[in-house]
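Report on the structure
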Amino acid sequence: MCDCVLFDLDCVLFGFSPLCLILFRLLFCIFVGLSPPPSATEAIRLLRQILGVFSSSMVQFEQRENEVSPTLSAIIDPLLKGFEISTAKSDPSEASVFSINVLAALQLTLRQYSFTSARCETLSLVCATHVQRLVDAQVKGLFAASNLQEKLDKLSEHLANGQGKLLSTVEGMDARSL
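How each quantity is defined
Residues numbered from 1 in each chain as written. Predicted model: local features only at pLDDT ≥ 70, side-chain atom pairs only at ≥ 80, totals over all residues. Heavy atoms only, no water. Helix = DSSP H or I, 4+ residues; strand = E, 2+ residues; numbered from the N terminus. Buried < 20%, exposed > 50% of the residue type's maximum accessible area, 1.4 Å probe, protein only. Areas by Shrake-Rupley, 256 points an atom, 1.4 Å probe, with all protein chains shown as cover. Core = buried A, V, L, I, M, F, W, Y, C linked by side-chain atoms within 4.5 Å. Contact = heavy atoms within 4.5 Å. Phe/Tyr/Trp six-rings, centres within 6.5 Å; stacked < 30°, edge-to-face > 60°. Axes fitted to C-alpha atoms, helices over the stretch in contact; angles between N-to-C directions. Parallel < 35°, antiparallel > 145°, perpendicular 65-115°, else oblique. Left-handed = near helix turned anticlockwise from the far one by under 90°. Nonpolar A, V, L, I, M, F, W, Y, C, P; charged D, E, K, R; others polar. Patch = residues over 30% accessible without salt bridge, like charges linked within 9 Å, V, L, I, M, F, W, Y side chains within 5 Å. Salt bridge = Lys/Arg side-chain N within 4 Å of Asp/Glu carboxyl O. pLDDT = per-residue confidence, 0-100.

Observations concerning the overall build of the protein
Counting secondary structure elements, the protein contains 7 helices and 0 strands. Along its sequence from the N terminus, the protein presents helices and strands in the succession α-α-α-α-α-α-α. Within the protein, the fraction of its 178 residues that count as buried is 33%. On the protein, roughly 11,100 Å² of surface is accessible, and the fraction owed to carbon and sulfur atoms is 59%.

Shown next, in the form of structure tokens:
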């Protein structure tokens, strides 16, 4: 089914329903690349089918969002938790890119149905958090590689405690050192 390592999970340990346990076993893969793994694309395909059936149901349009919310939670929450756990010990940049890709795939499916707009908005916020983490990790890496962090730390310290001293008089901040 999936070329990645599957974790054996116990639904009692996590307190999830049997459907969630099936999803956990399907989706708890250690990611190899940065795109959604085959198990995620399969789960998203199944979600698309469920939403397609739900959109043609007899439930009144105004009530669909409330009616579909538990189903979305039962599918999406374990999916996101599984990927959060599987990326926990990974490089922060790679984990963020992977998470953004999975979230984008989920949003692409949810945006097709107006009754999933609230959940889609929530995923957008989660995605924005991962984008910020990615930017922070990249900036931190860039500063570390170029020794800019040391200079910024000295500048911050000087601004806080400089007491009118010229920045060029601080060790490592003179024209020759820069």
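Having seen the structure, we can now continue with the description.
Regarding the nonpolar core
Among the nonpolar cores identified, the biggest contains 23 residues, and L47, L51, L72, I76, L106 and L110 are the most heavily contacted of them. Contributing elements (two or more residues each) for this core: α3 (38-55), α4 (64-86), α5 (92-110) and α6 (117-146). Every residue in contact with I76, bar those within four places of it in the chain, is listed here: L47, L106, L110, R119 and L123.

What to know about the packing of aromatic side chains
What the rule picks out here adds up to 3 aromatic pairs. Plain terms: the ring middles of F83 and F98 are 5.2 Å apart, the flat faces sit at 80° to each other, and that makes the pair edge-to-face. Taken together, the positions of F83 in helix α4 and F98 in helix α5 put the pair 15 residues apart, joining distant regions of the chain. On the basis of relative accessible area, F83 is assigned to the buried category, the value being 3%.

Structural notes on the packing of α4 against α5
Two numbers describe how α4 lies on α5: the axes approach to 11 Å, and their chain directions differ by 165°. When the interaxial angle is binned, α4 and α5 end up roughly antiparallel. Along this stretch, α4 crosses α5, giving a crossing that reads as right-handed. Contact with α4, carried on its side by L72, I76, L79, L80 and F83, involves F98, V102, L103, L106 and L110 of α5 and no other residues of that element. Classifying every residue of the contact of α4 with α5 by side-chain character gives 10 nonpolar, no polar and no charged.

Digging into a nonpolar patch on the surface
Nonpolar side chains collect at one region of the surface, where V131, V135 and V139 lie side by side and expose about 200 Å² of accessible area between them. Secondary-structure assignment places V139 in helix α6. Owing to a relative accessible area of 35%, V139 belongs among the partly exposed residues under this scheme.

What to know about the pattern of salt bridges
Charged atoms that come close allow side chains of opposite charge to pair. Going through the model one piece at a time under the given rule, you end up with 3 salt bridges. For R119, the salt bridge identified is with D77, shortest N-O distance 2.3 Å. Of the two residues, R119 sits in helix α6 while D77 sits in helix α4, which places them 42 residues apart along the sequence.

What about the environment of I76?
Turning to its location among the elements, I76 is positioned in helix α4. A relative accessible area of 0% places I76 in the buried class.

Some thoughts on the confidence of the model for the protein
Low pLDDT marks stretches whose predicted atomic positions should not be read closely. When pLDDT is averaged along the protein, the result is 80; 80% of the residues meet or exceed 70. Note that pLDDT drops below 50 for residues 1-16; the model gives that stretch 25 contacts with residues more than four away or on any other chain. Scored below 50 in pLDDT, residues 25-31 shows 35 contacts in the model against residues more than four places distant or in partner chains.

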